[in-house]
Structure formats: structure tokens, C-alpha cells
Amino acid sequence: DARVTQTPRDKVTEMGQEVTMRCQPILGHNTVFWYRQTMMQGLELLAYFRNRAPLDDSGMPKDRFSAEMPDATLATLKIQPSEPRDSAVYFCASGLGLRTGEGETQYFGPGTRLLVL
Amino acid sequence: AQSVTQLDSQVPVFEEAPVELRCNYSSSVSVYLFWYVQYPNQGLQLLLKYLSGSTLVKGINGFEAEFNKSQTSFHLRKPSVHISDTAEYFCAVTERDTGRRALTFGSGTRLQVQP
């Protein structure tokens, strides 16, 4: 049963600390997405990658957030320094990267619940 | 750019009653349409999607949705709900022809099934 995995599931940290979230996409998927879920903003895209290259990171605060794919089996999202307003659930999703016209399904991980004090 | 509006933030319903969760979208380009479900403390799971063809789409767990192009709607329905359907439901779109795959979500509808 192929699944997207995310670590850690929960993270509590203090303002100013670095936070790293990790995601392992489903094997064979070549698109990876990072979404953030908050009560106020709902679900919003932070960044996405195809074949490990960033295609869109317009939703990400550039001064403190960074997203990378060191290899095809690992995506990371870092926040440095963290702030209380970053408290949210961060979801990773992966997809097959189908050709235009095929409406690919995105498979979501369980999320990382971040609380910045 | 696209936007998705889910008209009801909460929908309480009794078990075995029918339910409809409403979704309207706005887009300057053609889109694909999706419904995802989120159970407490879990990630999102695809219920169904509309790509093309028949406007009535059937999904998992007895859900179905109907695409209405003229009304730019994609309402989700189930004829008889169960307690286990209690969850948050998200309508979403992606662009059809540009290759941009990111989902734009609605604000969600919390379905509360009561015994």
C-alpha cells in the first residue's frame, strides 16, 4: 500500500528556531507539492516540484522558507527562523506528473502539525 | 487564476438522510474538478474527480458529483449518509491545459452526521 510519509508528525518549537519537515513521496511519482493548512487561510500551496526541479514557490515566504528535493525520494521544507504565525499543518502530496489533459490525482501525506511558541 | 467557493461551512445531517455539499468555481481557463475528504488528524483523500465526458461522476464511499458548466458548479451528493462520513470535504480545481498541477482549494465543508 503505497503512501506518502511525512516526519515529524508533530513539532513544538520556540520562536527563532529552525524547523525541518521531511516528506517521502510515493515511489515513481515525479511531482511533489507542499501545502499549508490554517484555520484562517485554509489550504494553500507553498511550492511544487517536478522531477526534483522547483516549478512554483510563489506561495512561500522567501525570506524564511526554503524547499528542496535532495533526491527523488526526499523532499524537505525548512523554516528559519520560525515565527508563531507559521503554526499550521503542513501537507506534502505527490503525483505521477501526467501529461497535460489527464488530471492527475495528488496523494497526500498525514501532515506535520507545527506549533511555534 | 482560479477560485473555489464552498457555500456551507458546516452541514449537520441525520444518519441515513441524503446530503448535498455545494461547490462553485471561477476560472479564466479550463479546469479539472476534484473533491477530497479529510478525516480528523489525517491527510486528504480523493473522493472523485471530473476530467471530461459524462457530467455525473461517481466516487468512493457512495459519493457522486455533477459538473454543471453553465452554473460553474460541482456539487457533491450522497443519497444516504453514515456516521463514518463525518469529516471535512474540500472542493478543488487544477488548470486543464497549462500543465500547472497545483490544486486550488475551497474553504471546506464540515459534514456532521448525527445518529
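Here the structure is a predicted model, which is why all the values come from computation and not from measurement.

Enquirer: How would you sum up the overall build of chain B? Please name residues and give values.
Expert: From N to C terminus, chain B includes zero helices and twelve strands. In sequence order, chain B lays out its α and β elements as β-β-β-β-β-β-β-β-β-β-β-β. Across its three principal directions, the C-alpha atoms of chain B cover 45 × 30 × 20 Å. Sequence-distant contacts in chain B: of pairs separated by 6 or more residues, those separated by 24 or more amount to 58%. About 5300 Å² of surface is accessible on chain B, with carbon and sulfur atoms providing 48% of the total. Positive and negative side-chain charges in chain B, numbering 10 and 10 respectively, have mean positions lying 8 Å apart.

Enquirer: If you had to explain the state of the cysteines to someone new, which residues and values would you point to?
Expert: Residues and elements named next belong to chain A. A full pass over the atoms with the stated rule returns two disulfides over all chains. The partner cysteine of cysteine 23 in its disulfide is cysteine 92, sulfur to sulfur 1.9 Å. For the disulfide bridge between cysteine 23 and cysteine 92, the dihedral angle about the S-S bond is near -60°, and by the sign convention the bridge is left-handed. Note that cysteine 23 is positioned in strand S3 (residues 19–24) and cysteine 92 in strand S9 (residues 88–95), a separation of 69 residues in sequence.

Enquirer: Residues and numbers for the sheet that holds strand S7 (residues 65–71) of chain A, please.
Expert: Residue and element names in this part refer to chain A. Read across the open sheet, the four strands follow the order S1-S3-S8-S7; overall the sheet is antiparallel. In the strand order of this sheet, the two ends are held by strand S1 (5–7) and S7, each with one partner. Going across the sheet, the axis of each strand differs from the next one's by a mean of 20°, ignoring polarity. Note: S3 against strand S8 (residues 74–79), five bridges, orientation antiparallel.

Enquirer: Run through the interface of chain B and chain A, naming residues and quoting values.
Expert: Taken together, the 21 residues of chain B in the interface contact 23 residues of chain A. For the chain B and chain A pair, buried surface summed over both sides reaches about 1800 Å², with 50% attributable to carbon and sulfur atoms. There are zero salt bridges connecting chain B and chain A. Scanning the region where chain B abuts chain A turns up five residue pairs in polar contact (both at pLDDT 80 or more). Mapped by element, the contributors of at least two residues to the side of chain B that touches chain A are strand S5 (31–38) and strand S6 (44–50) of chain B. The element that contributes the greatest number of residues to the side of chain B that touches chain A is S5 of chain B, accounting for four residues.

Enquirer: Outline the side chain of aspartate 86 of chain A, listing residues and values.
Expert: Residue and element names in this part refer to chain A. Considering the arrangement of structural elements, one finds aspartate 86 in the loop between S8 and S9. At 2.8 Å, the side chain of aspartate 86 and the backbone nitrogen of glutamate 83 are in polar contact. Among residues more than four places away in sequence, those in contact with aspartate 86 are Arg36, Arg64, Phe65, Ile79, Pro81, Leu114 and Val116.

Enquirer: Would you mind going over the packing of aromatic side chains in detail, with residue names and values included?
Expert: Applying the stated criterion across every chain yields a total of 13 aromatic pairs over all chains. With a centroid separation of 5.6 Å and an interplanar angle of 85°, the aromatic rings of tyrosine 35 of chain A and phenylalanine 105 of chain B are classed as edge-to-face. Of this pair, tyrosine 35 of chain A sits in strand S4 (residues 31–38) while phenylalanine 105 of chain B sits in strand S11 (residues 104–105), on two different chains. Phenylalanine 105 of chain B shares its class with tyrosine 35 of chain A; the two are buried. On the basis of an interplanar angle of 45° and a centroid distance of 5.5 Å, the ring pair of phenylalanine 63 of chain B and tyrosine 89 of chain B is categorised as tilted. Residue phenylalanine 63 of chain B is found in the loop between strand S7 (56–58) and strand S8 (64–68), and its partner tyrosine 89 of chain B is found in strand S10 (residues 87–95); the two are separated by 26 residues along the sequence. What makes tyrosine 89 of chain B buried here is its relative accessible area of 0%. A connected cluster of aromatic rings, assembled from ring pairs, spans Phe33, Tyr35, Tyr48, Phe91 and Phe108 of chain A together with Phe34, Tyr36, Phe90 and Phe105 of chain B.

Enquirer: If you had to explain unusual backbone geometry to someone new, which residues and values would you point to?
Expert: In this structure, the amide linkage connecting threonine 7 of chain A to the following residue, proline 8 of chain A, adopts the cis form with an omega of -10°. Turning to its location among the elements, proline 8 of chain A is positioned in the loop between S1 and strand S2 (10–13). Omega for the bond connecting glutamine 80 of chain A with proline 81 of chain A falls within 30 degrees of zero, at -5°, which places this linkage in the cis form. Counting through the fold element by element, proline 81 of chain A comes out in the loop between S8 and S9. You will see that asparagine 41 of chain B, though not glycine, has its phi angle at about 60°, which is positive. With respect to the secondary-structure elements, asparagine 41 of chain B resides in the loop between S5 and S6. Judged by its relative accessible area of 58%, asparagine 41 of chain B is exposed. Not every positive phi belongs to a glycine, and asparagine 61 of chain B is a case in point at roughly 60°. Looking at the element boundaries, asparagine 61 of chain B is found in the loop between S7 and S8.

Reading guide: rules and limits
- Residues numbered from 1 in each chain as written.
- Chains lettered and ligands numbered in written order.
- Predicted model: local features only at pLDDT ≥ 70, side-chain atom pairs only at ≥ 80, totals over all residues.
- Heavy atoms only, no water.
- Helix = DSSP H or I, 4+ residues; strand = E, 2+ residues; numbered from the N terminus.
- Contact = heavy atoms within 4.5 Å.
- Areas by Shrake-Rupley, 256 points an atom, 1.4 Å probe, with all protein chains shown as cover.
- Lys, Arg positive; Asp, Glu negative; His and termini not counted.
- Charge placed at Lys NZ, Arg CZ, Asp CG, Glu CD.
- Disulfide = S-S within 2.5 Å.
- Pairing = 2+ DSSP bridges.
- Axes fitted to C-alpha atoms, helices over the stretch in contact; angles between N-to-C directions.
- Buried area = accessible area lost by both parts, 1.4 Å probe.
- Salt bridge = Lys/Arg side-chain N within 4 Å of Asp/Glu carboxyl O.
- Polar contact = N/O pair within 3.5 Å; in protein donor to acceptor, adjacent residues only side chain to side chain.
- Phe/Tyr/Trp six-rings, centres within 6.5 Å; stacked < 30°, edge-to-face > 60°.
- Buried < 20%, exposed > 50% of the residue type's maximum accessible area, 1.4 Å probe, protein only.

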